[in-house]
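Chains, contacts and geometry: an overview
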Amino acid sequence: RRAQANTPALAILGLVATLVLFGLVMVISASSVTDLKDHGTTWFSFKRQALWAAVGTFGLVMAYRLHYRRWRQWVGPMLIGTVVLLVLVLVPGVGTEVNGSSRWLGVGALRIQPSEFAKLAVLLFIAKLLADREREGKAHVVALTLKPALIVFGGVAALLMLQPNLGTTIVLGAIVLTVLYVAGQRLHHLGGIAIVGGLVAGFLAFGASYRRARMTAFLNPWADPGDTGYQTIQSLVGIASGGLKGVGLGASRAKYEFLPEAHTDFIFAIVAEELGLIGAAFVIGLFLALAYFGIRVALSTADTFGRLVAAGITAWFAVQAFMNIGVVVAVLPITGVPLPFVSFGGSSLVVTMVAAGILANIASHAD
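What counts and what doesn't
Residues numbered from 1 in each chain as written. Predicted model: local features only at pLDDT ≥ 70, side-chain atom pairs only at ≥ 80, totals over all residues. Heavy atoms only, no water. Helix = DSSP H or I, 4+ residues; strand = E, 2+ residues; numbered from the N terminus. Rg over C-alpha atoms; globule rule 2.2 N^0.38 Å. Buried < 20%, exposed > 50% of the residue type's maximum accessible area, 1.4 Å probe, protein only. Contact = heavy atoms within 4.5 Å. Areas by Shrake-Rupley, 256 points an atom, 1.4 Å probe, with all protein chains shown as cover. Lys, Arg positive; Asp, Glu negative; His and termini not counted. Charge placed at Lys NZ, Arg CZ, Asp CG, Glu CD. Core = buried A, V, L, I, M, F, W, Y, C linked by side-chain atoms within 4.5 Å. Pairing = 2+ DSSP bridges. Axes fitted to C-alpha atoms, helices over the stretch in contact; angles between N-to-C directions. Salt bridge = Lys/Arg side-chain N within 4 Å of Asp/Glu carboxyl O. Parallel < 35°, antiparallel > 145°, perpendicular 65-115°, else oblique. Left-handed = near helix turned anticlockwise from the far one by under 90°. pLDDT = per-residue confidence, 0-100. Phe/Tyr/Trp six-rings, centres within 6.5 Å; stacked < 30°, edge-to-face > 60°.

**Some thoughts on the overall build of the protein chain**
Secondary structure summary: the protein chain contains twelve helices and three strands in total. Over its C-alpha trace the protein chain gives a radius of gyration of 20 Å, about what one expects of a compact globule, namely 21 Å for 367 residues. Dimensions along the principal axes, computed over C-alpha positions, put the protein chain at roughly 60 × 50 × 40 Å. In the protein chain, which comprises 367 residues, the share counted as buried stands at 51%. Here the contacts in the protein chain between residues at least 6 apart in sequence split such that 72% fall between residues at least 24 apart. Total accessible area on the protein chain is roughly 16,100 Å²; 68% of this is exposed by carbon and sulfur atoms. Between the averaged position of the 26 positive side-chain charges in the protein chain and that of its 16 negative side-chain charges there is a distance of 10 Å.

**Focus: the nonpolar core**
With 99 residues, the main nonpolar core has Ile-12, Trp-316, Leu-339, Phe-341 and Ile-358 as its most contacted residues. Look past the residues within four positions of Leu-339 in its chain and what remains in contact with it is Ile-267, Phe-268, Val-283, Phe-287, Ala-321, Asn-324 and Ile-325.

**Thoughts on the sheet that holds strand β2 (residues 101-107)**
Strand pairing in a sheet takes place through backbone hydrogen bonds and is either antiparallel or parallel in direction. Ordered in space as β1-β2-β3, the three strands form an open sheet in which the pairing is antiparallel. Pairing within the sheet leaves two strands with one partner each, and these edge strands are β1 (95-98) and β3 (110-112). With strand direction ignored, the average angle separating the axes of adjacent strands in the sheet is 45 degrees. Here β2 pairs with β3 via three bridges, running antiparallel. Bridging from a neighbouring strand, Gly-106 pairs with Arg-111 of β3.

**What about the pattern of salt bridges?**
As enumerated under the stated definition, the model contains eight salt bridges in all. Among the ionic pairs, Lys-128 bridges to Asp-132, the shortest N-O distance being 2.8 Å. Taken together, the positions of Lys-128 and Asp-132, both in helix α4 (residues 114-135) and four residues apart, correspond to about one turn of that helix. The class for Lys-128 is partly exposed, based on a relative accessible area of 25%. In this structure Asp-132 comes out as buried when scored by relative accessible area, which is 9%. One network of salt bridges, with partners in common, ties together Arg-72, Lys-128, Asp-132 and Arg-135.

**Brief notes about the packing of helix α11 (residues 304-328) against helix α12 (residues 346-364)**
Between α11 and α12, whose axes approach to 10 Å, the crossing angle comes to 140 degrees. Classified by the interaxial angle, the pair formed by α11 and α12 is oblique. When the axes of α11 and α12 are compared, the crossing they make is left-handed. Listed contacts from α12 to Gly-306, Val-309, Ala-310, Ile-313, Thr-314, Trp-316, Phe-317 and Gln-320 of α11 are Ser-348, Val-351, Thr-352, Ala-355, Ala-356, Ile-358, Leu-359 and Ile-362.

**Observations regarding the confidence of the model for the protein chain**
On average, residues of the protein chain score 91 in pLDDT, and 95% of them are at 70 or above. pLDDT under 50 marks residues 1-5. Its contacts with residues more than four places away, or in other chains, come to one contact.

**What to know about the packing of aromatic side chains**
Applying the stated criterion to the full structure yields seven aromatic pairs. The interplanar angle of 75 degrees and the centroid separation of 5.5 Å between the aromatic rings of Trp-43 and Phe-46 together place this pair among those described as edge-to-face. Relative accessible area serves as the criterion here: at 43%, Trp-43 is assigned to the partly exposed category. Classification of Phe-46 as partly exposed rests on a relative accessible area of 22%. Between Trp-71 and Trp-74, the ring centres sit 5.5 Å apart and the planes meet at 85 degrees, which makes this aromatic pair edge-to-face. Put simply, the rings of Trp-316, Phe-317 and Phe-341 touch in pairs and so form one group of aromatic residues.

This is the structure in structure tokens:
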């Protein structure tokens, strides 16, 4: 019975390990050409990602060994610390600007992206808030549940949009809505929140010229193939070149500076090109399996806090993977979110691995 109880936990750990190792292989393949040109070695990005993977592995192991209820006592400091970091990012001379967005703190290779930490901090805060209110018998008192949850989400979302970072804001919104739904909040309240959130996201998407250009390019990338539609077209060309079995690991042509961000947000295009439909389906299958076990854990956990955290983490991984892959295959506009565990990026990798460790720990204590 003990082995059966730990099956979801071991499955989650195994799936995450597979995705991380697969991601390391694809990072060195996708970044080799640009790294050789810019740094004189094909191993530059791989070494950085491997270092972050080591840090993430330590975080995952610690989170897996630590009882998930211990996170309740750190919710306040985590949220305050995250908000401080999000504010610092916006301070001229402190935050680091890349491609017109100020999302990083630090210098050189030692940079962190506070928006990634915001996902975990907000998730844990709202899960604790709702679990506490349920224990007090006040689960449906709007002033004590929805109101503070939306105030915290709205404040963090505003800081994210000042960077600007619409993609992370959408992922965070999906996490919050999922936690509220699983907590049993009334559907008409959630429906209203979703409608308002969709309208705000639409306004923001068309409110800035560069985001409006992304939307236009998504609808018809061939209208401006040399500029706004270029990245989408190159992504589709790479995917089409892969066919069923792919052109072979390391043999991508898109990574020869045809496809921008080949080892970060668009790494799935390189996967599809080099490993074909089979490789792409393998990656999608891993995420579907991870979502399945995450849902299974959430459904089997009697403790409210654990159930809400498990549901939120599962939604986080599933929605972000869906958004990233959707962008790469041109069914969604470009949002700038990485593929969890696979895309190059230290903050994203470490935080998602810690979240996976928490999910696995909840699985190990599920009833």
